[in-house]
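Observations on the model geometry
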Amino acid sequence: MAVPPRVFPPRKRRPSAGAFLPPKFSDQRLLQSLFLLSQEISSLNPLQFLLKRNSSSIIRKTKILAFLFEELLKKPIPVLSPTLLCFEEMYLVLQRIKTLLEDCVNGSKMWLLMQSESVANNFHELTAELATLLDILPVKEVEVSEDVEELFLLLRKQCSQAKVFVDERDSSLRLEVLTMLDRIQKEIVPDHSKLAEILDFLGLPNSLSCKEEIENLEDEVQNQQDEKAKSDVIALIGLVRYAKCVLFEPLTPGSDSKTKKSASDVNIPADFRCPISLDLMRDPVVVATGQTYDRESINLWIESGHSTCPKTGQALAHTSLIPNHALKNLIAMWCRELKIPFETAEGNDRVNGVIKNKAALEATKMTASFLVSKMAASQSMEEVNGVIYELRTLAKSNSDSRACIAEAGAIPVLARYLGSDVGAGSLNVQVNAVTAMLNLSILEANKTKIMENGSALNGVIEVLRTGATWEAKGNAAATIFSLSCVHSHRKRLGRKTRVIKGLMDLAKSGPAGPKRDALVAILNLAGDREAVRRLVEEGVVDVVKEVINVLPVEAAAILEMVVRRGGITAVAAAHSTIKKLGTLMREGSETARESAAATLVTICRKGGAEMVVELASIIGIERIIWELMESGTVRARRKASSLLRIVRRWAAGLDGGFFGGP
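Quick caveat: nothing in here was measured; it's all calculated off a predicted structure. (Residues numbered from 1 in each chain as written. Predicted model: local features only at pLDDT ≥ 70, side-chain atom pairs only at ≥ 80, totals over all residues. Heavy atoms only, no water.)

**Here's the deal with the overall build of the chain**
Counting its secondary structure elements, the chain contains 34 helices and three strands. Here the chain holds 662 residues, and the buried ones make up 54% of them. Residue pairs at least 24 apart in sequence account for 73% of intrachain contacts in the chain once pairs closer than 6 positions are excluded. Of the roughly 28,600 Å² that the chain leaves accessible, carbon and sulfur atoms contribute 51%. (Helix = DSSP H or I, 4+ residues; strand = E, 2+ residues; numbered from the N terminus. Buried < 20%, exposed > 50% of the residue type's maximum accessible area, 1.4 Å probe, protein only. Contact = heavy atoms within 4.5 Å. Areas by Shrake-Rupley, 256 points an atom, 1.4 Å probe, with all protein chains shown as cover.)

**Quick notes on helix α6 (residues 146–161)**
The terminal C-alpha atoms of α6 lie 23 Å apart, and with 16 residues this matches the ideal 22 Å at 1.5 Å per residue to within 8%. Where α6 is concerned, the buried positions are Val148, Glu149, Phe152, Leu155 and Cys159. Down the axis, α6 shows its buried residues gathered within 120 degrees of arc, on one side only. Facing away from the buried side of α6 by over 90 degrees, the exposed positions are Glu146, Asp147, Glu150 and Gln161. At its buried positions, α6 is contacted by α2 (52–73) and α5 (116–136). (Expected span 1.5 Å × (residues − 1). Arc of directions from axis to C-beta.)

**Quick notes on the UniProt feature "coiled-coil region" (unreviewed entry) in the chain**
UniProt tags residues 207–234 as "coiled-coil region" (unreviewed entry). Segment residues 207–234 splits into 89% helix and 0% strand. End C-alpha atoms: 19 Å apart. (UniProt positions renumbered as here; feature names shortened; annotations may be inferred.)

**A word on helix α10 (residues 227–247)**
The first and last C-alpha atoms of α10 sit 30 Å apart over 21 residues, in line with the 30 Å expected at 1.5 Å per residue. The element α10 is extensively covered by neighbouring structure, given that 18 of its 21 residues are classed as buried. One side-chain oxygen at the N-terminal end of α10 lies 3.2 Å from the backbone nitrogen of Lys228; it belongs to Asp226. (Polar contact = N/O pair within 3.5 Å; in protein donor to acceptor, adjacent residues only side chain to side chain.)

**Topic: the environment of Ala395**
Relative to the helices and strands, Ala395 resides in helix α15 (residues 381–397). Measuring from C-alpha to C-alpha, the distance between Ala395 and Ile405 comes to 7.3 Å, with 10 residues separating the pair along the chain. Not counting chain neighbours up to four residues away, the residues in contact with Ala395 comprise Arg402, Ile405, Ala436, Asn439 and Leu440.

**Some details on the sheet that holds strand β3 (residues 322–323)**
Ordered in space as β2-β1-β3, the three strands form an open sheet in which the pairing is antiparallel. Each edge of the open sheet is held by one strand with a lone partner, namely β2 (292–294) and β3. Of the pairings in the sheet, the one linking strand β1 (residues 284–286) to β2 comprises three bridges and is antiparallel in character. Across the sheet, Val286 pairs through a bridge with Thr292, a residue of β2. Running at roughly 95 degrees to β2, helix α11 (residues 295–303) makes contact with β1, β2 and β3 of the sheet. (Pairing = 2+ DSSP bridges. Axes fitted to C-alpha atoms, helices over the stretch in contact; angles between N-to-C directions.)

**Topic: the side chain of Glu213**
Within the secondary structure layout, Glu213 lies in helix α9 (residues 207–223). Leaving out residues up to four positions away in the same chain, Glu213 has contacts with Ser108, Lys109, Met110, Trp111, Leu204 and Val240.

**Some points on the nonpolar core**
With 125 residues, the main nonpolar core has Leu414, Tyr417, Ile480, Leu503, Val540, Met585 and Leu615 as its most contacted residues. The greatest single-element share of this core, amounting to nine residues, is contributed by helix α28 (residues 552–565). Non-local contacts of Ile480, meaning those with residues more than four positions away in its chain, are made with Val460, Ile461, Leu464, Leu493, Val499, Leu503 and Ala521. Counting 77 residues, the second-largest nonpolar core is a separate cluster that includes Leu50, Leu94, Leu130 and Leu173. (Core = buried A, V, L, I, M, F, W, Y, C linked by side-chain atoms within 4.5 Å.)

**Quick notes on the pattern of salt bridges**
In total, this model carries 26 salt bridges according to the counting rule given. Residue Glu362 pairs with Lys365 through a salt bridge whose shortest N-O separation is 3.7 Å. In this pair, Glu362 and Lys365 are both assigned in helix α14 (residues 358–377), three residues apart and thus about one turn of the helix distant. Classification of Lys365 as partly exposed rests on a relative accessible area of 36%. Between Glu537 and Arg533 there is a salt bridge; the shortest N-O distance is 2.4 Å. One end of the pair is Glu537 and the other is Arg533, both in helix α26 (residues 529–537) and four residues apart, which spans about a single turn. Looking at Glu537, the relative accessible area reads 56%, which means it is exposed. Since its relative accessible area comes to 38%, Arg533 is described here as partly exposed. Taken together, the shared-partner salt bridges in this structure form one network comprising Glu187, Lys358, Glu362 and Lys365. (Salt bridge = Lys/Arg side-chain N within 4 Å of Asp/Glu carboxyl O.)

Dropping the structure here:
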């Protein structure tokens, strides 16, 4: 295969700010900084796998410079005035040398291989700059010992005679990788022995090192400005991910504890999660009802034909999406504090396949097919657990991966590991299986595949009812929520008694995380009137009353939906929540206060005087309503105005006053 000389353009490096700013130091301080910087570079080890000769050569030259700076520091009062500019420039060159070495050590090995010629040129350019500075430095005038002067002259000669060096082995290996990517693009499975040789040469000997390499490549996507370069890095991610799966034993939770945190590894604050995907929002936007969603999720919701707000069930007056910059900044700050990678929605889309790359897609298909076949054939539960965890991780990565995994036939095979018999024998297998199913369900097409596969759907419901751990039950509830985002699926799930009972039990007795997953799923199902009837029969109002102090936003939203769609039975059941709603209207979050006001308006209008009497008995209720009218959302102010009118008409003794006002 003919390979153009610059298939992969130079990477966008990340130098420190000091690399391009001349220091404003005194002579003594400048010499001390030069000495410390040269010592720091000298202490670095040469690169182990690529560019060994280039890195060791420049480190060795820096060691000689350290002797010069040390000698000059011994002078009582060093005076650099005639040569000050030369030393300042030398400081900048050393900063760039340090940055280049650190960048090579800390970045992706595979990407470094792809641009080895470019980096070799960078090393040579820095050596040439050193040669220029050494040529103009009058070593006789600075008065150093004969030994140091001799070393200095030797260094000057070496730098001036240096030539670009590109290791033939590096070039050959680079060509092998490019050839392999080209063959993958043509749907030719890579030679596993050659793949193993490449990874061994790069120092990637196991699953953990490959996982770290994938993370470094994902960082590299963000560092690249050129779209073609981003696409090329994505192809390398696909190759390394495939190699990791076919060459090494799979990772399991806990075995990869040294790698970076991801959003899925920590407890994400409720306000930072998208109500649709339950994942960390990358690009939060506000819809017409004032609710916030991740842009990608709400776009999919609207494009699927929905015209209502997923959280409140209200009709959307328009489909314009307003960026929530304040929330986005808060999420970014939270991620930085926890050292979690945070890409903007644009960057995240790029990694997730918006930049289409045929080699990456084919590598993903090969990876998914390999893992599904291995899962189906595995006899050992330990091996199955590792494979399912790999699928769970892959399904989390992007839409292409979810599609490829489902197309490879993963859903019916995963369903085998959702039963209570599996949970009793291997807790991790059941958790990983249901979480993999959850991740797959994010893709719209996969929702239908899960719903149409009886064993998969029944398996998820069984985990919801009898899961071996709270985590498994919570993820099953999250899967029900994900599936119910499609209107026809919501109606079908809402008519299943086992689903309703499972969610209600989890909402009543589960810990905070799974309890919230259950409540969000209940809220989604409450968009269907028949489901609301079943929820009321199972005591949803009592459950809401119990959890309203713990999860007020979700509880208030459920209650609003139930009393609006559930008829007189639901309104009667909600009588006991009026005082709690009054408290929530005073002390809750902006969203909770809005839902509480809307719910109270519906209860009073449909429930009659008895409900209004209960509301009016709340001490200071008019003041609470006035405060909401002044500081609430647009919808909250409108509902508060209606509520005030209802209370005052009742107080004036006007019959039917609680029915008045829009």
